[in-house]
Amino acid sequence: MTAAALDAAHEGLRAAGIDFVSGLPDGWQRPLHERVELDGDIRYVPVCNEGVGFSICAGAWLGGRKPALIMENSGLRVASEYIARISLGTGVPVTLLCSYRGDVGETEHWGIPHGIVAEPLLEALRIKYLVVRHVENLSKSIVRAKRISEAQLHPAAVLVSGDCVWED
Amino acid sequence: MALDRYEWLGRLAARLPEDCLVVSTYIGAVSFEWAHHTEEHHRSAHLGQMGDVIGLALGLALALPHRRIVCLDGDGSVLMELGQLVAMGEQQPDNLVVFVVDNGAYESIGWSGQGRRPTATAGRVDLAAIAAGCGVPYTVDVTAEDELDAEIDLAFSRSVCSFINVRTRPGHSHVRPRRTDGIEDKYRFVRYVERLEDIWITGVPPQDIALMKTRNP
């Protein structure tokens with residue numbers, strides 16, 4: 001994640017009113033995890049499994065917090081079990097901020113399957129999402145994802161890629 | 001000797017602090033029996049879940065650190081996602097107490113002449129030992145009736161993040177099944193939390209609140 005994208009993502013989380021973040025750091029969004037962990041207005045809960053992170057976020061929402069889960073898109077596959085159980089089953093909103101590994105521009109072979117699965121999986125889980133490839137769109141996209149998440153009582157996602165992560 | 005589940009859930013319900021919140025396990029006999037003992041009190045969230053109940057309770061405990069949170073889970077559910085215990089041990093919220101109904105069986109799926117399908121706790125797996133290994137400050141494996149009341153009273157007399165595994169006989173009572181689904185249960189729990197905590201969780205968009213304030217100064 002570029003320095004500008006880091007600032008934009010952090011600004012977006014704060015502007016959206018996110019006050020509770022769980023997640024599993026990945027190579028692209030590691031700086032955001034570090035930034036959020038130091039933000040005194042956001043409770044940060046690191047996990048070793050994105051499904052657990054989703055459950056924790058959902059529990060925090062039941063207690064009145066505004067949660068977001070930050071993870072690589074591979075984590076969507078792990079979290080999908082609990083997204084389906086909790087959010088499709090009962091209607092709980094969590095904002096998802098995902099690195100879009102495997103998007104056009106990917107350099108790593110292991111990221112390709114993550115890119116193949118991510119969008120069909122979001123569709124299957126009825127999760128509305130925005131793909132953000134330009135830094136200037138990142139902050140407002142997070143705000144809008146959180147907004148519809150609250151309105152529909154279901155997760156909404158932002159997939160981060162393009163100029164947000166590469167300076168080629 | 002392992003305990004009768006319906007009976008010990010009744011003991012837990014009788015000792016439950018009035019101002020606590022409860023996150024209960026999956027739809028099935030445990031949920032039916034707990035709802036029966038607690039007269040469907042809205043302080044209990046029955047969200048039809050499995051594999052994520054401790055995670056939900058942990059998130060709730062972190063969101064409301066001043067409020068005692070009681071989690072009621074089953075062995076099959078805990079085994080489905082052991083990473084929850086890692087997070088619990090890492091965070092150690094002192095307002096969270098987890099009780100596990102450990103009957104060593106996948107009871108809700110029914111049984112045949114071969115008996116019930118066993119969970120791993122019917123073999124060598126010890127959930128309390130796993131929780132301790134994950135860093136949960138207080139863990140105990142309750143196997144005898146005379147231990148149970150003391151463990152419940154201890155859990156509610158202090159503020160220590162606790163994992164209490166209760167070995168239970170397979171079998172269930174014949175209370176009436178619940179009629180609600182996870183969505184209705186979610187709403188009634190959230191409304192209860194809103195009243196209890198005097199907070200807004202969902203239902204009225206913030207712009208509508210602002211609008212009405214404008215028109216009705």
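Before any of the text, the structure's been laid out above.
If you're wondering where the values come from, they're calculated on a predicted model, not measured in any experiment.

Where do I start with the packing of helix α1 (residues 3–15) of chain A against helix α6 (residues 138–152) of chain A in this structure?
Axis angle and axis distance: for two packed helices, these are the angle between their axes and the distance between the axes, and together they describe the pair. Residue and element names in this part refer to chain A. It is the contact of α1 with α6, at a shortest axis distance of 7 Å, that shows an interaxial angle of 30°. The pairing of α1 with α6 is recorded here as roughly parallel in orientation. Crossing of α1 over α6 shows right-handed handedness. Here A5, A8, A9, E11, G12, L13 and A15 of α1 come into contact with α6, specifically with L138, S139, I142 and V143. Per-class residue counts for the contact of α1 with α6 are eight nonpolar, two polar and one charged.

Could you clarify how one ought to interpret the interface of chain B and chain A in this entry?
Interface size, as often reported, equals the accessible area lost upon joining of the parts. Counting residues at the interface gives 31 residues for chain B and 27 residues for chain A. Looking at the side of chain B that touches chain A, the elements that each hand over two or more residues are α3 (53–63), α5 (83–91) and α8 (182–197) of chain B. Residue contributions to the side of chain B that touches chain A peak at eight residues, all from α3 of chain B. Taken together, the residues of the side of chain B that touches chain A break down into 17 nonpolar, 10 polar and four charged.

Hey, could you run me through the sheet that holds strand β4 (residues 96–102) of chain B in this one?
Strand-to-strand pairing in sheets goes through backbone hydrogen bonds, with the strands running parallel or antiparallel. Residue and element names in this part refer to chain B. Read across the sheet, six strands follow the order β2-β1-β3-β4-β8-β7 without closing on themselves; strand pairing throughout is parallel. Each having just a single partner strand, β2 (44–46) and β7 (138–142) make up the two edges of the open sheet. This sheet shows a mean twist of 15° between the axes of neighbouring strands, independent of strand direction. Along the sheet face, α3 touches β1 (21–24), β3 (69–74) and β4 and points at about 175° away from the line of β3.

Mind showing me how you'd approach the pairing of β4 of chain B here?
Along any regular strand the residues' side chains alternate between the sheet's two faces. All names here are of chain B. Burial within β4 is extensive, with seven of its seven residues counted as buried. Examined bridge by bridge, β3 and β4 share six bridges and lie parallel to one another. By the bridge assignment, V70 is partnered in β4 with V97. Note that β4 and strand β8 (residues 162–167) share six bridges and pair parallel. By the bridge assignment, V100 is partnered in β8 with N165.

What is the right way to look at helix α4 (residues 74–90) of chain A in this model?
The α-helix advances 3.6 residues per turn, and as a result positions three or four apart in sequence lie on the same side. Taking 1.5 Å as the rise per residue, α4 of chain A with 17 residues should run 24 Å; its terminal C-alpha atoms sit 24 Å apart, in good agreement. Its axis deflected by about 45° at S80 of chain A, α4 of chain A carries its strongest bend there. What α4 of chain A keeps buried is the set S74, G75, L76, A79, Y82, I83, R85, I86, S87 and T90 of chain A. On its buried face, α4 of chain A is in contact with α3 (50–62), β3 (67–72), β4 (95–99) and α5 (112–124) of chain A together with α8 of chain B. Within two residues after α4 of chain A, G91 of chain A carries a phi angle of roughly 85°, on the positive side.

Which parts of the structure should I look at to understand the sheet that holds strand β6 (residues 156–160) of chain A?
All names here are of chain A. Spatially, the six strands line up as an open sheet ordered β2-β1-β3-β4-β6-β5, and their pairing is parallel. Two strands close off the open sheet at either side, each with one partner strand: β2 (43–46) and β5 (128–132). Strand-to-strand twist in this sheet, taken as the mean axis angle between neighbours without regard to direction, amounts to 20°.

What's the story with the nonpolar core in this structure? I'm lost.
As a rule of thumb, nonpolar side chains are buried together in soluble globular proteins. Membership of the largest hydrophobic core comes to 109 residues, with the highest contact counts inside it found for A157 and V160 of chain A together with A57, L60, C71, V98 and F99 of chain B. For this core, the element with the most residues is α3 of chain B, which contributes nine residues. Not counting residues within four places of it along the chain, the set of residues in contact with V98 of chain B comprises I54, A57, C71, D73, S162, F163 and I164 of chain B.

What counts and what doesn't
Residues numbered from 1 in each chain as written. Chains lettered and ligands numbered in written order. Predicted model: local features only at pLDDT ≥ 70, side-chain atom pairs only at ≥ 80, totals over all residues. Axes fitted to C-alpha atoms, helices over the stretch in contact; angles between N-to-C directions. Helix = DSSP H or I, 4+ residues; strand = E, 2+ residues; numbered from the N terminus. Parallel < 35°, antiparallel > 145°, perpendicular 65-115°, else oblique. Left-handed = near helix turned anticlockwise from the far one by under 90°. Contact = placed C-beta atoms within 7 Å. Nonpolar A, V, L, I, M, F, W, Y, C, P; charged D, E, K, R; others polar. Pairing = 2+ DSSP bridges. Buried ≥ 20, exposed ≤ 12 C-beta atoms within 10 Å, placed from the backbone. Expected span 1.5 Å × (residues − 1). Bend = angle between axes of the 7 residues up to and from the residue. Core = buried A, V, L, I, M, F, W, Y, C linked by C-beta atoms within 7 Å.

No statement about biological role is implied by the geometric values presented.
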